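Close look at the chain arrangement
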Amino acid sequence: MKNKKLLIGFFSLMLAFVLTACAGNDETTPKDNKGTESESNENMDLNEEASDSAEEGMDHLEMNHSSSGEVPEDLKVAENATYPVGSEAVMHANHMKGMDGATATITGAFETTVYAVSYTPTTGGEPVENHKWVIHEEIENAGEKPFEVGDEVVLNADHMEGMDGATATIDSAEPTTIYMVSYTDTETGKEVENHKWVTEAELSPVE
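Residues numbered from 1 in each chain as written. Predicted model: local features only at pLDDT ≥ 70, side-chain atom pairs only at ≥ 80, totals over all residues. Heavy atoms only, no water.

1. Regarding the layout of surface pockets
Computed from the structure, the second largest pocket encloses a volume of approximately 230 Å³. If you go around the second largest pocket, you meet 15 residues; those closest to its centre are Val71, Pro72, Glu137, Glu138 and Asn156. Residues that form the lining of the second largest pocket fall into these classes: 5 nonpolar, 4 polar and 6 charged. (1 Å grid on protein atoms, 1.4 Å probe; cavity = no way out; pocket = protein on both sides within 12 Å on 5 of 7 lines; lining within 4 Å. Points joined across faces, edges and corners; volume = space filled by probe spheres on them. Nonpolar A, V, L, I, M, F, W, Y, C, P; charged D, E, K, R; others polar.)

Laid out in structure tokens, this is it:
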């Protein structure tokens, strides 16, 4: 009888040990999962940041900051421009990186109608919305009459990859003095020559 009680006690201790071990394993499982989830979230955040940086870099490279300075033959020179050729002005435009706040030298001043346009690049990719700027003389078969908002046109400009020959929709139209400028990119420090275009409203005098 005494031996039987000892055996029962022994088995009870063993059962208690096994249950305790199982409970210990159950407690560690959620911790491991939490660690894995945390690492996964961190990796996702890093991947998203890398992707955003890559997209920003791609946009920056696709834009043709500088140009040869050539303009359409029928583009009218502004005789009494607020900012004459050779003068300086501060730019207040953010349609290109490194432009806002830069001091620019005016290399051309012209009278025309300027447009913001939306189009799908001929090289493929996502549509470009509200691109600034395209002038009247950079549109195929442009007559004397300005285009209106909503008109569909074909672009003859190469400010960005896939722009030349693209079908575009006019988002805005404004008769104004338009400027070609040279400046130092505020982000990269690189010299930009004969950039097209900046409107008079995007310029202010150098103080």
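Having seen the model, we can carry on.
2. Details of the nonpolar core
Met91, Met99, Tyr179, Val181, Tyr183 and Leu203 are the most contacted members of the largest nonpolar core, which has 18 residues in total. If sequence neighbours within four positions are ignored, Val181 has contacts with Met91, Ala104, Thr105, Ile106, Thr107, Val192, Glu193, Asn194, His195 and Val198. Counting 15 residues, the second largest nonpolar core, distinct from the first, contains Tyr115, Tyr119, Ile139 and Phe147. (Core = buried A, V, L, I, M, F, W, Y, C linked by side-chain atoms within 4.5 Å. Buried < 20%, exposed > 50% of the residue type's maximum accessible area, 1.4 Å probe, protein only. Contact = heavy atoms within 4.5 Å.)

3. Focus: unusual backbone geometry
A cis amide bond links Lys132 with the next residue in sequence, Trp133, at an omega value of 5°. Inspection of the secondary structure puts Trp133 in strand β4 (residues 128–135). Trp197 follows Lys196 through a cis peptide bond whose omega is 5°. Mapped onto the secondary structure, Trp197 falls in strand β7 (residues 191–199). (Helix = DSSP H or I, 4+ residues; strand = E, 2+ residues; numbered from the N terminus.)

4. Observations regarding the confidence of the model for the chain
Taken as a whole, the chain shows an average pLDDT of 79; of its residues, 69% reach a score of 70 or greater. Here residues 1–7 is a poorly scored stretch, pLDDT under 50, and it has 0 contacts once near neighbours within four places are set aside; other chains count. Low pLDDT, under 50, characterises residues 18–62; the stretch is placed with 8 contacts to residues that sit more than four places away or in other chains. (pLDDT = per-residue confidence, 0-100.)

5. Looking at the environment of Lys97
As for its position among the elements, Lys97 is in the loop between β2 (88–91) and β3 (103–119). Classification of Lys97 as partly exposed rests on a relative accessible area of 29%.

6. Looking at the pairing of β7
The element β7 is largely enclosed, with a buried count of 7 among its 9 residues. Connecting strand β6 (residues 167–184) to the antiparallel partner β7 that follows it, the hairpin turn spans 6 residues, and Gly189 within it adopts a positive phi of roughly 80°. (Pairing = 2+ DSSP bridges.)

7. Quick look at the pairing of β6
Pairing of β3 with β6 involves 15 bridges; the strand directions are antiparallel. Bridge assignment links Tyr115 to a residue of β6, and that residue is Ala173. Summarising the sheet, strand β5 (residues 152–154) and β6 pair through 3 bridges and their orientation is antiparallel. Residue pairing in the sheet places Glu152 in a bridge with Thr169 of β6. Where β6 meets β7, 6 bridges bridge the pair, whose relative direction is antiparallel. The partner of Tyr179 across the bridge, within β7, is Val198.

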